[in-house]
Amino acid sequence: MARAPASAKLLLLFFAVYNVEADPIIEDLSQLNETSLQTNELGEERLQYFQPRHVHISYGNSPTEMFITWSTLSDPGASIVEFGKNRLSEFRVNGSTTSFTDSGPSKLTQFIHRVTLDNLEPNQQYMYHVGSELGWSEIFFFRVMPNDTNWLPQVAIFGDLGSENAQSLTRLQEEVQLGQYDAIIHVGDFAYDMNSNNGLTGDAFMSQIQPIAGYVPYMTCPGNHESADNFAHYKNRFTMPGNTESMYFSFNMGPIHFISFSTEFYYFLNYGMNPLINQYYWLENDLKEATKPENRAIRPWIVTFGHRPMYCSNNNTDDCTRHETRVRVGVPFLHWFGLEDMFMQYGVDLTIWAHEHSYERMLPLYNRTVYNGTQEEPYRNPKGLVHVTTGSAGCKERHDEFLDYIPRWTAFRSTDYGYSRLKVINSTHLYMEQVSDDQDGKVIDSFTLIRDRHEPYPIPVTPEPELDLRY
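This section reports on the structure supplied with the text. (Residues numbered from 1 in each chain as written. Predicted model: local features only at pLDDT ≥ 70, side-chain atom pairs only at ≥ 80, totals over all residues. Heavy atoms only, no water.)

Strand order across the open sheet formed by six strands is β14-β12-β10-β24-β25-β26, with mixed pairing between neighbours. Edge positions in the sheet fall to β14 (218–221) and β26 (442–450), since each has one partner strand and no second. Taken over all neighbouring pairs, the strand axes of this sheet differ in orientation by 20 degrees on average, direction set aside. Two strands pair when backbone bridges link them, and strand β10 (residues 154–158) and strand β24 (residues 418–424) are joined in this way by four bridges, in the antiparallel orientation. (Pairing = 2+ DSSP bridges. Helix = DSSP H or I, 4+ residues; strand = E, 2+ residues; numbered from the N terminus. Axes fitted to C-alpha atoms, helices over the stretch in contact; angles between N-to-C directions.)

With that settled, consider the sheet that holds strand β15 (residues 249–253). With respect to topology, seven strands assemble into an open sheet ordered β15-β16-β17-β18-β22-β19-β23, the strand pairing being mixed. Because the sheet does not close on itself, it has two edges, and the strands there are β15 and β23 (410–414). Between one strand and the next, the sheet's axes are offset by a mean angle of 15 degrees, whatever the strand orientation. In the sheet, β15 pairs with strand β16 (residues 256–260) via five bridges, with the strands oriented antiparallel. Along β16, the bridge assignment pairs Ser 250 with Ile 259. Helix α7 (residues 274–290) rests against β15, β16 and β17 (301–305) of the sheet, and its axis sits at about 180 degrees to β16. (Contact = heavy atoms within 4.5 Å.)

Further remarks concern the side chain of Thr 64. By the secondary structure assignment, Thr 64 is in the loop between β1 (53–59) and β2 (66–72). Residue class for Thr 64 comes out buried when judged on its relative accessible area of 18%. The residues touching Thr 64, leaving out its near neighbours within four places in the chain, are Leu 117, Asp 118, Asn 119, Leu 120, Pro 122, Val 144 and Asn 147. (Buried < 20%, exposed > 50% of the residue type's maximum accessible area, 1.4 Å probe, protein only.)

With that out of the way, let us pick up helix α4 (residues 169–177). Those residues of α4 that fall on the buried side of the exposure criterion are Leu 169, Leu 172, Gln 173, Glu 175 and Val 176. Where the residues of α4 are buried, they touch β10, β11 (161–162), β12 (183–187), α5 (200–213) and β24. Just downstream of α4 lies Gly 179, where phi reads positive at about 85 degrees.

Taken as a whole and assessed by the stated rule, the structure comprises 30 aromatic pairs. Between Phe 231 and Phe 268 the ring centres are 6.0 Å apart and the planes differ by 90 degrees, which places this aromatic pair in the edge-to-face class. Of this pair, Phe 231 sits in helix α6 (residues 228–237) while Phe 268 sits in the loop between β16 and α7, and the two are 37 residues apart along the sequence. Connected via pairs of aromatic rings, a cluster forms that spans Phe 83, Phe 91, Tyr 126, Tyr 128, Phe 140, Phe 141, Phe 142 and Tyr 215. (Phe/Tyr/Trp six-rings, centres within 6.5 Å; stacked < 30°, edge-to-face > 60°.)

This next bit is on the nonpolar core. In this structure, Ile 68, Tyr 128, Phe 142, Tyr 218, Phe 258, Leu 339 and Leu 350 are the most contacted members of the largest nonpolar core, which totals 107 residues. Once residues within four sequence positions are removed from consideration, Phe 258 is found in contact with Val 155, Ile 185, Phe 249, Ser 250, Phe 251, Met 253, Val 303, Phe 305 and Leu 422. (Core = buried A, V, L, I, M, F, W, Y, C linked by side-chain atoms within 4.5 Å.)

The next subject is the packing of α4 against α5. Interhelical geometry of α4 versus α5 gives an angle of 30 degrees and a closest axis separation of 8 Å. Classified by the angle their axes make, α4 and α5 are roughly parallel. On α5, the residues touching Leu 169, Leu 172, Gln 173, Val 176 and Gln 177 of α4 are Gln 208, Ile 209, Pro 211 and Ile 212. Considered class by class, the residues forming the contact of α4 with α5 number six nonpolar, three polar and no charged. (Parallel < 35°, antiparallel > 145°, perpendicular 65-115°, else oblique. Nonpolar A, V, L, I, M, F, W, Y, C, P; charged D, E, K, R; others polar.)

Right, let's talk about the environment of Pro 76 for a bit. Tracing the backbone through its elements, the reader meets Pro 76 in the loop between β2 and β3 (80–84). Measuring from C-alpha to C-alpha, the distance between Pro 76 and Ser 132 comes to 6.6 Å, with 56 residues separating the pair along the chain. In contact with Pro 76, other than residues within four places in its own chain, are Phe 50, His 113, Ser 132 and Leu 134.

A contiguous nonpolar surface patch, about 440 Å² in accessible area, is contributed by Phe 333, Leu 334 and Trp 336. Inspection of the secondary structure puts Trp 336 in the loop between α9 (326–329) and α10 (340–345). (Patch = residues over 30% accessible without salt bridge, like charges linked within 9 Å, V, L, I, M, F, W, Y side chains within 5 Å. Areas by Shrake-Rupley, 256 points an atom, 1.4 Å probe, with all protein chains shown as cover. Salt bridge = Lys/Arg side-chain N within 4 Å of Asp/Glu carboxyl O.)

Here the focus is the side chain of Asp 286. The residue Asp 286 is located in helix α7 in this model. The side chain of Asp 286 is buried and forms no salt bridge, while Arg 299, the nearest opposite charge, is found at 10 Å. Of note is the side chain of Asp 286, whose polar atom sits 2.8 Å from the side chain of Ser 250. Those residues in contact with Asp 286, other than ones at most four positions away along the chain, are Ser 250, His 257 and Ile 259. (Lys, Arg positive; Asp, Glu negative; His and termini not counted. Polar contact = N/O pair within 3.5 Å; in protein donor to acceptor, adjacent residues only side chain to side chain.)

Pairing of β3 with strand β4 (residues 91–94) involves four bridges; the strand directions are antiparallel. Directly across from Phe 83, in β4, lies its bridge partner Phe 91. In textbook terms, the turn of a hairpin is the stretch between consecutive antiparallel strands, and for β3 and β4 this stretch comprises six residues.

Time to look at the pattern of salt bridges. Side-chain pairs of opposite charge can arise whenever the charged atoms involved come near each other. By the definition in use, this model includes 18 salt bridges. Arg 92 is the salt-bridge partner of Glu 82, the closest N and O atoms lying 2.4 Å from each other. Taken together, the residues span a long stretch of sequence, with Glu 82 in strand β3 and Arg 92 in strand β4 at a distance of 10 residues. With a relative accessible area of 16%, Glu 82 lands in the buried category. Residues Arg 171 and Asp 437 are paired through a salt bridge, measuring 2.7 Å at the closest nitrogen-oxygen approach. With a gap of 266 residues between them, Arg 171 in helix α4 and Asp 437 in the loop between β25 (429–436) and β26 connect regions that are remote in the sequence. Each of the salt bridges in this network shares a partner with another, and the network as a whole consists of Arg 53, Asp 203 and Arg 237.

By the criterion of burial, α6 is predominantly enclosed, with seven of the 10 residues buried. Buried within α6 are the following residues: Phe 231, Ala 232, His 233, Tyr 234, Lys 235, Asn 236 and Arg 237.

This brings us to the environment of Tyr 248. Along the chain, the position of Tyr 248 falls in the loop between α6 and β15. With relative accessibility at 11%, the residue Tyr 248 sits in the buried group. On a C-alpha basis, the gap between Tyr 248 and Ile 259 in space is 7.7 Å, while along the polypeptide they are 11 residues apart. If sequence neighbours within four positions are ignored, Tyr 248 has contacts with Ser 260, Phe 261, Ser 262, Phe 265, Asn 278, Gln 279 and Trp 282.

This is the structure in structure tokens:
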């Protein structure tokens, strides 16, 4: 029999790896000598199916743990991380492998590998690579966080980063590899969408963030663009602390207690009310623990992040035109499980959002009313929650323009593509700034939040404010 062209063999291999049923046109190619696909003739082509891809790391359940996650197209039979302080051969850990099949027409399958590195030395840098005897990744490195509350972390924060028009990505890649950040926080909406094109859009996105997420912990929360199949791509591709499939969790970095939660439980009620109820009571218990006097004395800052904002002034028909947003006041009509009062009650210092493809910093507020510290220094001992929306990293949906009218509770807003930086100055001062990628990395906004005492905010008992009909 005549030798088939290499392209035909690769096509067969594609269908074999992804478990796609061949149609009658393809079946003619099945007359090829099957043993040729198993021998050296296609050995180089087969190698890629065991080659690790989408390598990323995240904080574990303690300061001395790190989760390592990656993907392969075929199951190599092992999930191994080799790592060490001076050489890769110092430590070798095996983890778990799960198969994940996209729900699209092609039913493409990949294998997700997860390894937990524990008992790591605080503040130590490790080199590592991942894979198996059938294929290894390139060498990466990471630094373990110090195991105390006195160090001052710096993080980059953004939401709504897609694989297309990912304008901020190159600058973030460079800054991460220059050692500028201790972690990344991605506040929902990935790839646009991870399930699109039979999951290949998600694959492209995970490859794009590898130069970031392979080196510093990439911490996440789900957005509305992850909702397909009950957030299947998000749950399978990312590994976060806790046991809630990465939908909500908390972690500590020095003097900050970060809380990640899903705003989407308020909107995708077709998946049931239990996830929303469970998250609400988990949030309350987590805040109770974080605000115990002995805990807040050593870890004073509480910063939350969730995808859809409580407040925004964009000119669209989404959350911004609805003053009673579900995350703020609870599910429709019943107004159960709203978070604004809870966050006030436990004295949350800073709430970070995305979803709107823009940047907006609010004055301290509660119930659509401004509660500044003072008129001259609104962020010095504010009497209401401080909100920042940072969803302008770049995606194919472009910008969300603002209303011509600026609400009285908006301090600054911009539609420049960019991202935010958060830096702890000390136990009473927290600094945040916005970087414009459109303006070549210029800092276009900044503020310092000062809280001499990290305590609950008094919830005003004044009547509902009169709505400004221009907003």
